[in-house]
Amino acid sequence: MRSSFFLLLFLLGLSLAAQPLPTPSDFLPHQHGETFTPHHLLVDYFQAIAAASPRVKLEEYGRTNEARPLLLAYVSTTENIGRLEAIRENNLRAAGLLPGETDPALDNIAIVWLSYSVHGNEAAGSEASMGVLYDLANTSDARTSAWLKNTVVIMDPSLNPDGYNRYTNWYRQNATLGLDPNPSVREHNEPWPGGRVNHYLFDLNRDWAWQTQVESRQRMVKYRAWMPHIHADLHEQGYTNPYYFAPAAAPFHEYITDWQGDFQTEIGKNHARYFDREGWLYFTRERFDLLYPSYGDTWPTFNGAIGMTYEQGGHSRAGRAIDLPTGDTLTLADRIAHHRTTSLSTVEIASKESDRLTQNFREYFKQATTKPQGKYLTYVVSGKTPRGKLRRLVELLDRNGIEYGKATAGATGSMYSYQAGKTAAASIEAGDLIISAYQPRSVLTQVLFDPDAVVEDSVTYDITGWSVPLAYGLEAYASQQRMTVKTEPFSLPAFADPFAGKDLTKAYAYVVPWTNLSSAAFLGDLLQAGINARTASGDFQFGEQEFSRGSIVINKGDNRKTKDFTATVRRLVQQHEVALHVLETGFSVAGGDLGSSVYDLKAAPKVAVVAGEGVNPNQFGQVWYYFEQDLKYPLSVFHLEDLGDVADGDYDVLILPEGRYNLSSSAEALTGWIRAGGRLIAIGSANRSLGRVEAFTLASKESEEEKEETDAPDPRLLPHAGAERRFIAGFNPGAIVGVEMDATYPLSFGIGKQYFSLKTGSSAYDYLEDGVNAGRVRTAPFISGFVGSQVKTELEETLVFGVQNMGRGEVVYLIDNPLYRGFWEQGKLLFGNVLFQL
């Protein structure tokens, strides 16, 4: 309240005195660049400028998990601000996203979107945004006044307020009064989890396409409503690096147009003029590529923009000032000046080239609707897909603005089957979901749905496999033909209450098939509500109804003392929209009567997870988010040094997310807890730590070089010139690998005999000698994405998912992370199997 009161007084004083706009240094309690600005003061400054300047319109477009505001500032001339909605709609018409003809008077207005500090501890971006806003709003600045005549600038001053707040608060609390540029001191070494990530410790710069996080979801609504011509994403990198700006490095995705690549170069040359003048070091065409579609440069690029990343040397380590190897000192003020310069340079060239920008933007979308780039022109998803999985797919499509329809008639043709991994005769049935590449967002559609991405044989910055049908475990097909099947708007039918019209007095039991994440969330809620439930360890049949392994069986006989039994089951069925079948007898046709031991009684597991130093923050966050937002199931979080408290407590499950663990002091307590009935789940690199403890039988696979002597030269004596090529052979940046599942084992329930796993490294483990090798990579596996030749060989015949029995408990080895970045939908079901089906 005090902050808002003084802000009002300040603005009133400005108005009465007719003073010029306040600079950031005029407004803030410190000189701009002297220290970091708290997020609430960043917001206050944007509000102050918007209130004082007719050139600026401020919009709060959402809130974070921690209730901080997400802001957009629209900056242009007073005339353009007055017709902002007309400019926005005209641009959407130019892209074919709104019907009607464009207004020639508005056709050449360029739209530039500047995004600051998606990684919260790369705070120089948000700091620079205040100076950029002042420069653009300042009517005394003849340059910016001229640029804004034909340009609308959209500024997001902090894409990640929770992370920015975490870092800047920590820094202000821990920095010494005077500058200390020594890189080794406390203020240059941010503690776990760091401010890079959001509340759930997700990297928001990997979330543009998947939109798992509230910040991304709310921002994309606004982005799709504007569809800017240029998007610049302002970051920081290691503090010893010179400034990076476009053009980007290889590999480029093959669907990026020549125009988009060439104009990046023009923008880079414009930046270079200013950097050359000041003698500031910079580099281009290195490290930061344009392949993975969920970045703040690639996702806009696949939406027709000139998408770019700008990287200032600094990051969290730089603080207010830090010593450089050259003997110079990099200051926060330096970092702000560099970002301020490239921001304004971006606006400048957009204004100068607005006619070319807007013309090529129109051509991009014209080609999208008339001549799609890729070879696959129609994508088909079976209408028989389980409701929960189909709902999540449709949500993804809607969030990305991808158009789709429902087939009203059948058709046949030769199509690529995602499940089979090959092209064969296939059919479209009425009710199937149809996605045509002939639509405005054609490129984004093809990028996300193509079975494979063409990747140059070079080092890339991120994963190279992400095909949505594989990630979601869909029965889906891709056709190289434009399928002319008739369609109508697709919508999920209203959920039909399976209890309606039934005589429940005759009900003996209820069965809910185990098919997707909704099944797991339903079972979790069922158990927490005190309902006794069982799961089937094998297929079974009652009358004409056949049910698969893993199906949830809710017997009336198990719940005679359960209060509000039927009403609770009915409420949860409706809440989760799961299919439910009523059985009037416990006598089966096949697979066991309902009193048989093949139906395992389940209890609500009490779950703990390890966090803190040594744990990968992103990977911990993925587990945290899965429980709180996907399953909505309780989870206790412990530091590694407190593992003894888990062992002494009544926890049933302990999760080790990816990380580096020193288990020497806790191994005895941990193995004792497992033997007493605990279930340990190790994900990704956590398995390496378990492999060092004798009780755990997981063992790394020996490489071919270790197995046998060869005539190959000593690798230490190979010429330096071939080092990168040799590195690539042993490199896996992230690719989809086909995994053979044991279809009879609980880890495969609802999945079947095949799972497509996102493998993000080259670690390979031998099959367990005394456990269950539930998921394995066989010889010559299916691969989507790039995997180095040496890694391909070493991954063959290796463990992906395994279970080792230990006393009355077990250890679950998840070599690949099934919860990766929160978008691997089929992995969420697999993790549900680990929790509830074992």
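Residues numbered from 1 in each chain as written. Predicted model: local features only at pLDDT ≥ 70, side-chain atom pairs only at ≥ 80, totals over all residues. Heavy atoms only, no water.

(A) Quick look at the sheet that holds strand 20 (residues 509-512). Taken in spatial order, the 5 strands of this open sheet run 25-20-24-21-26, and their pairing is antiparallel. Edge positions in the sheet fall to strand 25 (581-583) and strand 26 (599-602), since each has one partner strand and no second. Taking the axes of each pair of neighbouring strands and ignoring which way they run, one obtains an average angle of 30° across the sheet. Bridge analysis of strand 20 against strand 25 gives 3 bridges, and the strand direction is antiparallel. Residue valine 511 lies in a different strand from strand 25, and its bridge partner there is histidine 581. Strands in contact with helix 18 (residues 517-528) are strand 20, strand 21 (533-536), strand 24 (552-555) and strand 26; relative to strand 24, the strand with the most contacts, it is inclined by about 30°. (Pairing = 2+ DSSP bridges. Helix = DSSP H or I, 4+ residues; strand = E, 2+ residues; numbered from the N terminus. Axes fitted to C-alpha atoms, helices over the stretch in contact; angles between N-to-C directions. Contact = heavy atoms within 4.5 Å.)

(B) Seen up close, the environment of isoleucine 815. The topology assignment puts isoleucine 815 in the loop between strand 36 (809-814) and helix 27 (825-836). A residue is classified by how much of its surface remains accessible, and isoleucine 815, at 8% relative accessible area, is buried. Sequence-wise, isoleucine 815 and serine 184 are 631 residues apart; in three dimensions their C-alpha atoms are separated by 35 Å. Sequence-distant contacts of isoleucine 815, defined by excluding residues within four places in its chain, comprise Gly684, Asn687, Leu698, Lys759, Tyr765, Leu799, Val800 and Phe801. (Buried < 20%, exposed > 50% of the residue type's maximum accessible area, 1.4 Å probe, protein only.)

(C) Focus on the packing of helix 18 against helix 27. Relative orientation of the contacting elements helix 18 and helix 27 amounts to 35°, with a least axis distance of 8 Å. Between helix 18 and helix 27 the crossing geometry is left-handed. Two secondary-structure elements touch here, helix 18 through Leu517, Ala520, Leu523, Gly524 and Leu527 and helix 27 through Glu825, Lys828, Leu829, Gly832 and Phe836. (Left-handed = near helix turned anticlockwise from the far one by under 90°.)

(D) The arrangement of the packing of aromatic side chains in detail. Under the counting rule described, the total for this entry stands at 48 aromatic pairs. With a centroid separation of 5.5 Å and 35° between ring planes, the pair formed by tyrosine 74 and tryptophan 226 is classed as tilted. Linking tyrosine 74 in strand 2 (residues 69-75) with tryptophan 226 in helix 9 (residues 214-226), this pair joins segments that are 152 residues apart in sequence. In this structure, tyrosine 74 and tryptophan 226 share a single accessibility class: buried. When the centroid spacing of 5.0 Å and the interplanar angle of 80° are considered together, the rings of phenylalanine 275 and tryptophan 280 count as edge-to-face. The exposure class of phenylalanine 275 is buried, given its relative accessible area of 0%. For tryptophan 280, a relative accessible area of 22% gives the class partly exposed. These aromatic residues form a ring-pair network of at least three members: Trp192, Tyr200, Phe202, Phe620, Trp624 and Tyr625. Residue placement shows arginine 482 over the ring face of tyrosine 438; its charged tip is 3.7 Å from the ring centre. (Phe/Tyr/Trp six-rings, centres within 6.5 Å; stacked < 30°, edge-to-face > 60°. Lys NZ or Arg CZ within 6 Å of the ring centre and 35° of its normal.)

(E) View of the pairing of strand 18 (residues 476-479). Alternating residues of strand 18 divide into Ala476 and Ala478 and Tyr477 and Ser479, and every residue in both groups is buried. Summarising the sheet, strand 13 (residues 378-381) and strand 18 pair through 4 bridges and their orientation is antiparallel. Bridge pairing in strand 18 links valine 381 to alanine 476. Note: strand 15 (residues 411-417) against strand 18, 2 bridges, orientation antiparallel. Within the sheet, the bridge partner assigned to serine 417 lies in strand 18 and is tyrosine 477.

(F) Expanded view of the side chain of threonine 798. In this fold, threonine 798 is placed in strand 35 (residues 798-806). A polar side-chain atom of threonine 798 sits 2.5 Å from the main-chain carbonyl oxygen of leucine 795. Leaving out residues up to four positions away in the same chain, threonine 798 has contacts with Lys701, Ala764, Tyr765, Tyr767, Gly775, Arg776 and Val777. (Polar contact = N/O pair within 3.5 Å; in protein donor to acceptor, adjacent residues only side chain to side chain.)

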